[in-house]
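# Inside the fold
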Amino acid sequence: MSLLDLNQLSNGLSKTWTGYLRDWDRTLRSASHSETTRYNYLLAAAQLARYLAEYSPDPDADDAADDPCEVTRAHIEFFQAWMIETRSGATALNKHKGLQQFFKWLMLDEEDIDRSPMERVKQPKPQKKLIAVIRDDDTKKVLGTCKGKDFVQLRDEAIIRLYYNTGARLSEVGNLSLEDLNQDTDSAHYHGKGNKDRRVRYGPKTARAISRYLRARAKHKGAELPDLWLADRGGKPLKPNGIKIMIKRRGLSAGLSGVHAHRWRHNFAHEWKRAGGDTGDLMLLLGWTSEDMPRHYGASAAAERAEEMQLRMGIGENV
């Protein structure tokens, strides 16, 4: 199933809001925005419309709930505060960025508003949360739940090893096609954010897991599909959201909570820094363009790296 279902996103919204969202999605598609980006942008606008209709304390919000051209700065600020209270500052910031793009489109492309209501709305300042890396022992437990020769077990081990071995994003592994794998060089061609592609090598254990999965896949219903990962039933592809659910379930089976693909991405960055790897090379491997990202990823294990360095340096032990 596709991540973006516009009918579901706009369910219950006014015809005016629904029409604008459809037109905006067409513009986003024509600009080659990824499905994930389109979904996040459209979801932010749809949630604002739903908030105005159902939760806004402003008695004048009815007009804005019917037509986005009536949205004011106050409506946006109430919405952001509500997002912070009911979700988090990080979620509110995500919505802020999506709404900036929506009202910019309304103003510059459609010319239906003279000024964006986002013009003087301050960005939320989310509290930075440290994401704990997932240790090798815990990864071993998760992989232990995949022991066996059944199709699902072989598939899940190959998926988990790719995340563990390459530090890729959920969608990058989840959207791989058969053509994206090169078994001669043991590498995967990832399609990253912002249409930034890169090729990443993986190790012998991951290569073996992938080969075993591909042999089972060739006999599975849906083997003719171009998608690398297949669902266990129905001959359909296994999409990123299905992989997300699978990983959580595998984690719980291993007695672990909070297991998700991004923790292996943090682990990759941590282990790279721990081994003294070059930051520029890390950015290339993980598909980053901002130098802020290497500082953020693996930050939860920075103190551990500092302690290890302190012991190696032996400061205060020379007398």
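Conventions we followed
Residues numbered from 1 in each chain as written. Predicted model: local features only at pLDDT ≥ 70, side-chain atom pairs only at ≥ 80, totals over all residues. Heavy atoms only, no water. UniProt positions renumbered as here; feature names shortened; annotations may be inferred. Patch = residues over 30% accessible without salt bridge, like charges linked within 9 Å, V, L, I, M, F, W, Y side chains within 5 Å. Areas by Shrake-Rupley, 256 points an atom, 1.4 Å probe, with all protein chains shown as cover. Salt bridge = Lys/Arg side-chain N within 4 Å of Asp/Glu carboxyl O. Lys, Arg positive; Asp, Glu negative; His and termini not counted. Charge placed at Lys NZ, Arg CZ, Asp CG, Glu CD. Helix = DSSP H or I, 4+ residues; strand = E, 2+ residues; numbered from the N terminus. Buried < 20%, exposed > 50% of the residue type's maximum accessible area, 1.4 Å probe, protein only. Phe/Tyr/Trp six-rings, centres within 6.5 Å; stacked < 30°, edge-to-face > 60°. Pairing = 2+ DSSP bridges. Axes fitted to C-alpha atoms, helices over the stretch in contact; angles between N-to-C directions. Parallel < 35°, antiparallel > 145°, perpendicular 65-115°, else oblique. Contact = heavy atoms within 4.5 Å. Nonpolar A, V, L, I, M, F, W, Y, C, P; charged D, E, K, R; others polar.

Going by what an unreviewed UniProt entry lists, the protein is known as Site-specific recombinase XerD and is assigned to Lentzea albidocapillata. Under the heading Sequence similarities (unreviewed entry), UniProt records this for the protein: "Belongs to the 'phage' integrase family."

### Concerning a negative patch on the surface
Side chains of D60, D62, D63, D66 and E70 sit close together on the surface and give a patch of like negative charge. Inspection of the secondary structure assignment puts D60 in the loop between α3 (35–54) and α4 (61–66). Judged by its relative accessible area of 57%, D60 is exposed.

### So, the packing of aromatic side chains
Counting across every chain of the model gives 14 aromatic pairs. Aromatic pair Y51 and W82: ring centres 5.1 Å apart, planes at 40°, arrangement tilted. Taken as a pair, Y51 in helix α3 and W82 in helix α5 (residues 73–86) lie far apart in primary sequence, 31 residues in all. You'll find Y51 and W82 in the same group, each marked buried. With 5.0 Å between their ring centres and 65° between their planes, F102 and F103 make a pair best called edge-to-face. The pair F102 / F103 is uniform in exposure class, with both members buried.

### Focus on unusual backbone geometry
Of note in the backbone geometry, S32 takes a positive phi value of approximately 65° without being a glycine. With respect to the secondary-structure elements, S32 resides in the loop between α2 (15–30) and α3. Residue classification places S32 among the partly exposed residues on the basis of a relative accessible area of 45%. We note that E111 has phi near 60°; this positive angle belongs to a residue other than glycine. Mapped onto the elements, E111 comes out in the loop between α6 (89–109) and α7 (136–144). In this structure E111 comes out as exposed when scored by relative accessible area, which is 63%.

### Details of the sheet that holds strand β2 (residues 187–191)
Taken together, 3 strands build an open sheet; the order of strands is β1-β2-β3 and the sheet is antiparallel. Strands with a single pairing partner mark the edges of an open sheet, and in this sheet they are β1 (181–182) and β3 (197–201). Here β2 runs beside β3; their pairing, made up of 5 bridges, is antiparallel. In the strand pairing of β3, H189 is matched with R199.

### Section: the packing of α3 against α5
Where α3 meets α5, the axes come as close as 10 Å, and the angle between the chain directions of the two elements is 100°. Looking at the two axes, α3 sits roughly perpendicular to α5. Each of A44, Q47, L48, Y51 and L52 in α3 lies in contact with α5, whose residues at this interface are H75, I76, F78, F79, W82 and M83. Across the contact of α3 with α5, the residue classes tally to 9 nonpolar, 2 polar and no charged.

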